Amino acid sequence: MPPIDWQAFAAKWCESWNAHDPDRVLDHFHEDVLFTSPVAASLFPETGGTIRGKAALRAYWSEGLKRIPDLHFTVERIFAGVDTLVIQYRNQKGVSVSEVLVFEGGKVRRGHGTYPLATDDPAGTSR
């Protein structure tokens with residue numbers, strides 16, 4: 001498998017989110033993906049913030065998009081490691097957020113949404 005073009009991936013990831021199209025974002029994820037996020041914990045407390053599988057991730061992201069109709073991301077920086085990409089972006093609230101994505105076989109196997117400490121509703125879901 002050829003190496004992943006991290007810049008192109010981050011650009012497509014951002015375009016897909018700004019189009020409010022979770023299915024386009026999910027195209028890059030394994031069926032049995034594991035995703036963690038404190039926002040998931042607030043929207044779906046029963047998950048403890050851990051979402052398992054594409055169908056559950058689609059449901060979580062669809063709910064997030066419903067609650068954040070003005071969602072917009074701007075990629076600020078990306079950091080690449082071995083099979084790992086960190087996308088640092090600014091959201092529609094002006095909050096700097098990082099997404100940590102771990103790849104296997106060219107697709108995201110695990111993802112982690114991370115937010116700054118001591119920021120009230122950093123994703124903007126409580127409108």
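Up top is the structure these notes are about.
Residues numbered from 1 in each chain as written. Predicted model: local features only at pLDDT ≥ 70, side-chain atom pairs only at ≥ 80, totals over all residues. Heavy atoms only, no water.

(A) Summary view of empty space enclosed by the protein. Tallied over the entire structure, the rule returns one cavity of 30 Å³ or more. When residues in the lining of the largest cavity are grouped by element, the largest group, four residues, is from helix H4 (residues 54–67). In terms of residue class, the lining of the largest cavity is built from 13 nonpolar, six polar and one charged. (1 Å grid on protein atoms, 1.4 Å probe; cavity = no way out; pocket = protein on both sides within 12 Å on 5 of 7 lines; lining within 4 Å. Points joined across faces, edges and corners; volume = space filled by probe spheres on them. Helix = DSSP H or I, 4+ residues; strand = E, 2+ residues; numbered from the N terminus. Nonpolar A, V, L, I, M, F, W, Y, C, P; charged D, E, K, R; others polar.)

(B) Up close: H4. With 14 residues, H4 ought to run about 20 Å at 1.5 Å a step, and its terminal C-alpha atoms sit 20 Å apart, in line with that. Within the sequence span of H4, burial applies to Lys54, Leu57, Tyr60, Trp61, Glu63, Gly64 and Leu65. Looking at the buried side of H4, the elements it contacts are helix H1 (6–18), helix H2 (22–26), strand E1 (29–36), helix H3 (38–43), strand E2 (50–52) and strand E5 (96–104). (Expected span 1.5 Å × (residues − 1). Buried < 20%, exposed > 50% of the residue type's maximum accessible area, 1.4 Å probe, protein only. Contact = heavy atoms within 4.5 Å.)

(C) The sheet that holds strand E4 (residues 84–90), seen in detail. With mixed pairing, the six strands of this open sheet are ordered in space as E2-E1-E6-E5-E4-E3. Two strands bound the open sheet, and with one partner strand each, they are E2 and strand E3 (74–80). Strand-to-strand twist in this sheet, taken as the mean axis angle between neighbours without regard to direction, amounts to 20°. Here E3 runs beside E4; their pairing, made up of six bridges, is antiparallel. By the bridge assignment, Thr74 is partnered in E4 with Arg90. (Pairing = 2+ DSSP bridges. Axes fitted to C-alpha atoms, helices over the stretch in contact; angles between N-to-C directions.)

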